[in-house]
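Architecture at a glance
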Amino acid sequence: MTPIPKPLPISRVPPPSPSPTRTFFTASSLAALAVAALTTADPAAKAAAARAMAAAWREGALQVGVAAPPDRPARPVRPELRRPGDMPKRRGAGSPENRIALLHALAHIELNAIDLACDILARFPEADMPREFHDDWVSVADEEAKHFGMLSARLAELGGAYGDLPAHDGLWQAAEETAGDLLARLAIVPLVLEARGLDVTPKMIGDLKRAGDETSAAVLGVIYEEEIGHVGIGRRWFLFECERRALDPAQAWGTLVRKHFRGVLKPPFNDEARIAAGLVPAEYAALAESV
């Protein structure tokens, strides 16, 4: 298993104070650049737009701003999007074709993750979050774009390309379900969907290594370590927003998952990685028994 970073001290660090003011839209705002990435259809260009947004934000020249995100991000003509239940079942990583299918599915997840991070930066201006919130989600968008690039490059080395195979639209369904509430978005996307990635990625890495594909395994290793941080960012801001709303985090999370998640929380859970991200085993284990 890829080494896991030290646990993030999320639950032990006081959350930052809310920002007292909100900066409104300018042509060079962070929100405008996030929307520009969302409305870019070409996958490589979308990833480049997210990385350029991150670089501009870190230079310190951007205001947060306000801009209206689309209901759905722009998508290329290919891949064909299907319902999750209509997707062919993936079979291990023993053959080159199966490895391409695995990496293609992961590239699709990372492309959606770029849009999810950009969407959270643009969709909730009324939440009036502190600058650290934007710092964190800009970092997530940047790393998701990096992940997409790594997977695309590896696909090319194996003779494939993103768009060659069908993909499902389940991740954006979760975004649509939580578009009206920042707390719900944090509860479902990082703390359920991305946390599930922590559970399944170590097995994928092991399968790739057993198939002799150390290069693909190394790509997934980088993604795995950084996704622990992404789940941790989601947990941090979920706790922050619960405190602002005077909500018990465990109760709030359970209520939101039951209301908004159209799936099942099922073991086995990667407790080591989840704890490193700040998740509490008793909370998700209890919810898995009741969802």
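What comes next concerns the included structure. Since the model is a prediction, treat every value here as computed from it, not as a measurement.

Because each turn of an α-helix spans 3.6 residues, side chains separated by three or four positions end up pointing in the same direction. Given a rise of 1.5 Å per residue, 31 residues ought to cover 45 Å, and the 46 Å separating the end C-alpha atoms of helix H7 (residues 214-244) matches this to within 8%. Of all 31 residues in H7, 22 are buried, a share of seventy percent or more. With its phi angle positive at about 55°, Ala-246 sits one or two positions after the end of H7.

Under the definition given, this model contains 5 aromatic pairs. Ring geometry for Phe-133 versus Trp-237: centroids 5.4 Å apart, planes at 85°, classification edge-to-face. Of the two residues, Phe-133 sits in helix H4 (residues 131-157) while Trp-237 sits in helix H7, which places them 104 residues apart along the sequence. Per residue, the accessibility class of Phe-133 equals that of Trp-237, and both read buried.

On to the nonpolar core. Among the nonpolar cores identified, the biggest contains 83 residues, and Trp-137, Phe-238 and Trp-253 are the most heavily contacted of them. The element contributing the most residues to this core is helix H6 (residues 182-210), with 14 residues. Apart from the residues within four sequence positions on either side, Phe-238 is in contact with Leu-183, Leu-186, Ala-187, Leu-191, Pro-249, Ala-252, Trp-253 and Leu-256.

Along the polypeptide, Asp-115 turns up in helix H3 (residues 96-123). Residues in contact with Asp-115, not counting those within four places in the same chain, are Ala-37, Leu-38, Lys-46, Pro-73, Arg-75 and Trp-172.

For the rest of this paragraph, the subject is the packing of helix H1 (residues 30-38) against helix H2 (residues 43-59). The interhelical angle for the contact between H1 and H2, taken along N-to-C directions, is 170°, at an axis separation of 8 Å. Overall, the two elements H1 and H2 adopt an arrangement that is roughly antiparallel. Residues Leu-30, Leu-33, Ala-34, Ala-37 and Leu-38 of H1 form the contact with H2, whose participating residues are Lys-46, Ala-49, Ala-50, Met-53, Ala-56 and Trp-57. In the contact of H1 with H2, the residues fall into 10 nonpolar, no polar and 1 charged.

Time to look at the pattern of salt bridges. Applying the stated criterion across every chain, the model contains 23 salt bridges. Here Arg-131 makes a salt bridge to Asp-135, at a shortest N to O gap of 3.7 Å. A residue pair is termed a helical-turn pair when its members lie 3 or 4 positions apart in one helix, as Arg-131 and Asp-135 do in helix H4 at 4 residues. For Arg-131, a relative accessible area of 41% translates into the label partly exposed. Take Asp-135: its relative accessible area is 32%, and that puts it in the partly exposed class. Among the ionic pairs, Arg-274 bridges to Asp-199, the shortest N-O distance being 2.8 Å. Of this pair, Arg-274 sits in helix H9 (residues 271-276) while Asp-199 is found in helix H6, placing the two residues 75 residues apart along the sequence. As far as burial versus exposure is concerned, Arg-274 and Asp-199 are alike and both buried.

Under the 1.5 Å per step criterion, the end-to-end length of H4 is 39 Å for 27 residues, consistent within 8% with the ideal 39 Å. One or two residues past the end of H4 sits Gly-159, with phi positive at roughly 90°.

The next thing to look at is empty space enclosed by the protein. Counted under the stated rule, the structure contains 1 cavity of 30 Å³ or more. Its boundaries defined by the atoms lining it, the largest cavity holds a volume of some 50 Å³. The wall of the largest cavity is formed by Leu-191, Arg-235, Trp-253, Arg-274, Leu-279, Val-280, Glu-283 and Tyr-284. Counted by class, the lining of the largest cavity contains 5 nonpolar, no polar and 3 charged residues.

Bringing the environment of Ala-195 into the picture now. Structurally, Ala-195 is set in helix H6. Sequence spacing of Ala-195 and Leu-279 is 84 residues, and the spatial spacing of their C-alpha atoms is 8.9 Å. The contact partners of Ala-195, leaving out residues within four places of it in the chain, are Pro-190, Val-231, Arg-274 and Leu-279.

Turning our attention to the side chain of Arg-185. Summarising the element assignment, Arg-185 is placed in helix H6. Relative accessible area serves as the criterion here: at 3%, Arg-185 is assigned to the buried category. Among the polar contacts listed, one links the side chain of Arg-185 to the side chain of Thr-178, at a separation of 2.7 Å. When sequence neighbours within four positions are dropped, the list of residues in contact with Arg-185 reads Leu-116, Asp-119, Ile-120, Arg-123, Phe-124, Ala-175, Thr-178, Ala-179 and Pro-190.

What counts, and at which threshold
- Residues numbered from 1 in each chain as written.
- Predicted model: local features only at pLDDT ≥ 70, side-chain atom pairs only at ≥ 80, totals over all residues.
- Heavy atoms only, no water.
- Helix = DSSP H or I, 4+ residues; strand = E, 2+ residues; numbered from the N terminus.
- Expected span 1.5 Å × (residues − 1).
- Buried < 20%, exposed > 50% of the residue type's maximum accessible area, 1.4 Å probe, protein only.
- Phe/Tyr/Trp six-rings, centres within 6.5 Å; stacked < 30°, edge-to-face > 60°.
- Core = buried A, V, L, I, M, F, W, Y, C linked by side-chain atoms within 4.5 Å.
- Contact = heavy atoms within 4.5 Å.
- Axes fitted to C-alpha atoms, helices over the stretch in contact; angles between N-to-C directions.
- Parallel < 35°, antiparallel > 145°, perpendicular 65-115°, else oblique.
- Nonpolar A, V, L, I, M, F, W, Y, C, P; charged D, E, K, R; others polar.
- Salt bridge = Lys/Arg side-chain N within 4 Å of Asp/Glu carboxyl O.
- 1 Å grid on protein atoms, 1.4 Å probe; cavity = no way out; pocket = protein on both sides within 12 Å on 5 of 7 lines; lining within 4 Å.
- Points joined across faces, edges and corners; volume = space filled by probe spheres on them.
- Polar contact = N/O pair within 3.5 Å; in protein donor to acceptor, adjacent residues only side chain to side chain.

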